[in-house]
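Secondary and tertiary structure notes
Each chain, written out:
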Amino acid sequence: TGILVGSSDGVSISQTRVYGYTNGFGIRTWNSTNTTISGNDIYGNAEGVELSGNATGNRVSGNTIHDNVTEIDWNDPTKGGGVGVAFMHSWGPATANGNKLWHNRAPLKDGTYDGSDFEIYGASDVTITWNELWDAEHALETGTDGPACNILRFTNNTAYAASTQPGWAAGLLI
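Residues numbered from 1 in each chain as written. Predicted model: local features only at pLDDT ≥ 70, side-chain atom pairs only at ≥ 80, totals over all residues. Heavy atoms only, no water.

Focus on the overall build of the chain
Spelled out, the test is: Working definition: helices are DSSP H or I runs of at least four residues, strands are E runs of at least two. Numbering for both runs from the N terminus. Atoms counted for the radius of gyration: C-alpha only. Globule rule: 2.2 Å times residue count to the power 0.38. Buried means the residue's accessible area, taken with a 1.4 Å probe over protein chains only, is under 20% of the maximum for its type, while exposed means over 50%, and partly exposed covers the values in between. All accessibility values rest on the Shrake-Rupley procedure with a 1.4 Å probe; residue burial counts only the protein chains present in the view. By the counting scheme adopted, Arg and Lys are positive, Glu and Asp are negative, and His together with the chain ends is not counted. Here the site of a charge means atom NZ of a Lys, CZ of an Arg, CG of an Asp or CD of a Glu.
Helix and strand counts for the chain stand at 0 helices and 20 strands. Taken against the 2.2 N^0.38 rule, which gives 16 Å for 174 residues, the C-alpha radius of gyration of the chain at 14 Å falls within 12% of a compact globule. Overall size of the chain, expressed as C-alpha extent along the three principal axes, is 40 × 30 × 30 Å. Buried residues in the chain amount to 44% of all 174 residues. Within the structure as shown, the chain displays about 7600 Å² of accessible surface, and the carbon and sulfur contribution to it stands at 52%. Within the chain, one finds 8 positive and 18 negative side-chain charges whose respective centroids are separated by 5 Å.

Rendered as structure tokens:
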């Protein structure tokens, strides 16, 4: 992980370039509240940003998040990767707004791809609004292995050119 914000409150990460964490996260929050991630260029990681645990008041805004193109564990794609912003087993409210995301997807061993610009996994109270998304495997993917995804808002976003890679891609996987 490039930047880890753990069990903290009121942290701001801005105007920073975060790249090259090909087996982890560019920026990750864990049980941290009122964290602002803004104006950053986040690329070349397995996952650009992950918010997990208590994410109350967290905001991801005005960033460019692109080219996050590796799996965290090549031998176990269930561990994630190829994601721009992930809300992983988090609860909020948390917001992602005004970001530009593109080319977030990871090749798998079988020649297909995985990943998305946004992923919501077992998370609740998430608002994703006014973002511009293009050229990814999926714009938004949701799923869970236990806790339900509740209170999700995906509004006023622009998503186009789902994928330049051959094969299956979708805008929203709910």
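Looking at the environment of Gly44
Counted only if it meets this: Throughout, a residue-residue contact means that at least one pair of heavy atoms, one from each residue, lies within 4.5 Å.
Mapped onto the elements, Gly44 comes out in the loop between strand E6 (41-43) and strand E7 (47-54). Note: C-alpha distance between Gly44 and Thr1 (43 residues apart in sequence) is 12 Å. What Gly44 contacts, discounting residues up to four positions off in sequence, is Tyr19, Gly20, Tyr21, Thr22, His66, Asp67 and Asn68.

Observations concerning the nonpolar core
Rules: For our purposes a nonpolar core is just a set of buried Ala, Val, Leu, Ile, Met, Phe, Trp, Tyr and Cys residues, chained together by side-chain atoms within 4.5 Å.
One finds Val49, Val60, Val85, Phe87, Phe118 and Ile128 to be the most contacted residues of the largest nonpolar core, which totals 24 residues. At the level of elements, E7, strand E10 (83-97), strand E14 (116-121), strand E15 (124-129) and strand E17 (138-143) are the ones that each hand at least two residues to this core. Counting residues per element, this core draws most heavily on E10, which supplies 4 residues. If we skip the residues at most four places from it in the chain, Val49 touches Ile27, Ile37, Ile42, Val60, Ile65, Gly84, Val85 and Ala86.

Some points on unusual backbone geometry
At the junction of Gly92 and Pro93, the peptide bond is cis and its omega measures out at 25° in the coordinates. As for its position among the elements, Pro93 is in strand E10. Unusually for a residue other than glycine, Ser7 sits at a positive phi of about 45°. Along the chain, Ser7 turns up in the loop between strand E1 (3-6) and strand E2 (12-14).

Some points on the packing of aromatic side chains
To keep it simple, the criterion reads: Centre distance within 6.5 Å is the pairing criterion for rings of Phe, Tyr and Trp, where only the six-membered ring of Trp is used; planes under 30 degrees apart are then read as stacked, over 60 as edge-to-face, and the remainder as tilted. Charge-over-ring placement is defined geometrically: NZ (Lys) or CZ (Arg) within 6 Å of the ring centre, and within 35 degrees of the ring normal.
On inspection of all chains with the given rule, the structure shows 3 aromatic pairs. The interplanar angle of 5° and the centroid separation of 4.9 Å between the aromatic rings of Trp102 and Trp134 together place this pair among those described as stacked. Here the residue Trp102 occupies a position in strand E11 (residues 100-102), and Trp134 occupies one in strand E16 (residues 132-134), the gap between them amounting to 32 residues. For Trp134, a relative accessible area of 22% translates into the label partly exposed. Between Trp134 and Tyr160 the ring centres are 5.8 Å apart and the planes differ by 5°, which places this aromatic pair in the stacked class. With Trp134 in strand E16 and Tyr160 in strand E19 (residues 158-160), this pair connects stretches of sequence that are 26 residues apart. Three or more aromatic residues joined by ring pairs form one cluster here, namely Trp102, Trp134 and Tyr160. The ring of Tyr113 carries Arg105 above its face, with NZ or CZ at 5.9 Å from the centroid.

Describing the pairing of E7
Selection rule: Strands qualify as paired when DSSP identifies two bridges or more between them.
For E7, the tally of buried residues reaches 7 of 8 residues, placing the bulk of the element in the interior. As defined by bridge partners, E7 adjoins E10 across 7 bridges and the pair is classed as parallel. Paired with Ser52 across the bridge in E10 is Met88.

Quick look at the side chain of Thr29
On the secondary structure map, Thr29 appears in strand E4 (residues 25-30). On the basis of relative accessible area, Thr29 is assigned to the buried category, the value being 1%. Once residues lying within four places of it in the same chain are set aside, the contact partners of Thr29 are Val5, Thr35, Ile37, Glu50, Leu51, Ser52 and Asn58.

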